[in-house]
Amino acid sequence: MDSAGRRDSGPLPVSGHGASPGTVPGPLPYEGVWRFQAPAADASVPRARRAVRDLLLRQRVPVSDELLQGLLLIVSELATNAVKHAAVLSPLLTVELAVGAEWVRVSVEDNHPYRPTALEADHGQTGGRGLLLVREVTREAGGVCDVEKTPSGGKVIWAALPLGPLTVPARRVARY
């Protein structure tokens, strides 16, 4: 972990916002890292979502409504997984929001050693699609997500999404 409490692996928000050569750019007003803990309980899921939304709005992070909704969905899914699958060994979950000039990264950490995998969806089941959804929302936004072990033996699941607009090539429409 670095001095701000972030892990060294994975994409992190960086300040690369047009500083002239030879100068050290300062952080933008909305850049920073925020962490909070919550009990691994159902009530913490909407609280985590509201906390992330309020923080992004209060810091005036330039997120589109679509990106904001994607981030909130990711927070909900990751916090829900921590509550449903890790609470027995991890009574607390930690949510981190890291914002840089070009990226926003959200993560949920717990102390359960089980490393989840995004399984193929079984259409006969009503659940079990959370990590698939996180992976797809992240991919659609042009971001990356991963699961890492923590020094304490737990795990952190994170998703980093670009703040700028994603340029996606136009899809070809089949004509019959």
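In case you missed it, the structure is sitting above this.
Source: prediction; values computed, not measured. Starting afresh in each chain, residues are numbered from 1 along the sequence in its written order. Only residues with pLDDT of at least 70 get local features here, since the model is predicted, and only at 80 or more are side-chain atom pairs given and counted; chain-wide, interface and lining totals rely on the full set of residues. Side-chain numbers come from the whole structure's heavy atoms, not from hydrogens or water.

Novice: For the sheet that holds strand 4 (residues 144-149), give the residues involved together with the corresponding values.
Specialist: Pairing between strands requires that DSSP locate at least two bridges from one strand to the other. Strands are runs of DSSP state E lasting at least 2 residues, helices are runs of H or I lasting at least 4, and numbering of each runs from the N terminus. Taken in spatial order, the 5 strands make up an open sheet running 1-2-3-5-4, and their pairing is antiparallel. In the strand order of this sheet, the two ends are held by strand 1 (32-39) and strand 4, each with one partner. The sheet shows a mean angle of 15° between the axes of neighbouring strands, taken without regard to direction. Here, residues are in contact when the closest pair of their heavy atoms is within 4.5 Å. Axes, fitted as lines to C-alpha atoms, cover a helix only where it is in contact. Angles between the N-to-C directions of the axes lie from 0 to 180 degrees. Set on the sheet, helix 1 (residues 44-58) makes contact with strand 1, strand 2 (92-99) and strand 3 (103-110); between it and strand 2 the angle comes to about 20°. The strands touched by helix 3 (residues 130-140) within the sheet are strand 4 and strand 5 (155-162), with strand 5 carrying the most contacts at an inclination of about 25°.

Novice: Which residues make up helix 3, and what values go with them?
Specialist: Using a 1.4 Å probe on the protein chains alone, a residue whose accessible area is under 20% of its type maximum counts as buried, one over 50% counts as exposed, and one in between counts as partly exposed. Every buried residue of helix 3 is listed here: Gly-130, Leu-131, Leu-132, Val-134, Val-137 and Thr-138. Here the buried face of helix 3 lies against helix 2 (65-86), strand 4 and strand 5. A positive backbone phi angle near 85° is found at Gly-142, which sits one or two residues after helix 3.

Novice: Can you explain unusual backbone geometry? Please cite residues and give values.
Specialist: You will see that Arg-60, though not glycine, has its phi angle at about 60°, which is positive. Checked against the element boundaries, Arg-60 lands in the loop between helix 1 and helix 2.

Novice: I'd like to hear about the nonpolar core, residue by residue, with values.
Specialist: We call a set of buried residues a nonpolar core when its members are Ala, Val, Leu, Ile, Met, Phe, Trp, Tyr or Cys and they connect through side-chain atoms within 4.5 Å of each other. The biggest cluster of nonpolar side chains holds 35 residues, and the ones touching the most others in it are Leu-56 and Val-104. Secondary structure elements with two or more residues in this core: helix 1, helix 2, strand 2, strand 3, helix 3 and strand 5. It is helix 2 that contributes the most residues to this core, 10 residues altogether. Once you skip the residues sitting within four places of it in the chain, Val-104 turns out to touch Leu-56, Leu-67, Leu-71, Leu-97, Ala-98, Val-99, Ala-159, Ala-160, Leu-161 and Leu-163.

Novice: Go over the packing of helix 2 against helix 3 with me, naming the residues and quoting the values.
Specialist: One can describe the packing of helix 2 onto helix 3 by two numbers: an axis separation of 9 Å at closest approach and a directional angle of 155°. Put simply, helix 2 runs roughly antiparallel to helix 3. As for how helix 2 packs across helix 3, the hand of that crossing is left-handed. Residues Gly-70, Leu-73, Ile-74, Glu-77, Leu-78 and Asn-81 of helix 2 form the contact with helix 3, whose participating residues are Gly-130, Leu-131, Leu-133, Val-134, Val-137 and Thr-138. Here the residues of the contact of helix 2 with helix 3 sort into 7 nonpolar, 4 polar and 1 charged. The scheme is simple: roughly parallel for angles under 35 degrees, roughly antiparallel for over 145, roughly perpendicular for 65 to 115, oblique for anything else. By definition, any crossing whose near helix is turned counterclockwise from its far helix by less than a right angle is left-handed, and any crossing with a clockwise turn is right-handed. Residues were grouped as follows: Ala, Val, Leu, Ile, Met, Phe, Trp, Tyr, Cys and Pro as nonpolar; Asp, Glu, Lys and Arg as charged; and all remaining residues, including Gly, as polar.

Novice: Outline the environment of Thr-80, supporting the account with residue identities and numerical values.
Specialist: Looking at where Thr-80 falls in the secondary structure, it is placed in helix 2. Judged by relative accessible area, which is 23%, Thr-80 ranks as partly exposed. Placed 39 residues apart in sequence, Thr-80 and Ala-41 show a C-alpha to C-alpha distance of 8.6 Å.

Novice: Which residues make up the pattern of salt bridges, and what values do they have?
Specialist: Any two side chains of opposite charge can pair, so long as their charged atoms come close to each other. Any carboxyl oxygen of Asp or Glu within 4 Å of a side-chain nitrogen of Lys or Arg constitutes a salt bridge here. Counting across every chain of the model gives 6 salt bridges. For Arg-139, the salt bridge goes to Glu-140, with nearest N and O atoms at 3.0 Å. For Glu-140, a relative accessible area of 40% puts it in the partly exposed group. Connected through salt bridges with shared partners, the residues Arg-35, Glu-96 and Glu-109 form a single ionic network.

Novice: Lay out the packing of helix 1 against helix 2 in plain terms, naming residues and giving numbers.
Specialist: At a closest axis distance of 9 Å, the pairing of helix 1 and helix 2 adopts a crossing angle of 150°. The angle between the axes of helix 1 and helix 2 places the two elements in the roughly antiparallel class. Classified by chirality, the crossing of helix 2 by helix 1 is right-handed. Seen from helix 1, the contacting residues are Val-45, Ala-48, Arg-49, Val-52, Arg-53 and Leu-56; seen from helix 2, they are Leu-68, Leu-71, Leu-72, Val-75, Ser-76, Ala-79, Thr-80 and Val-83. A class-by-class count of the residues in the contact of helix 1 with helix 2 yields 10 nonpolar, 2 polar and 2 charged.

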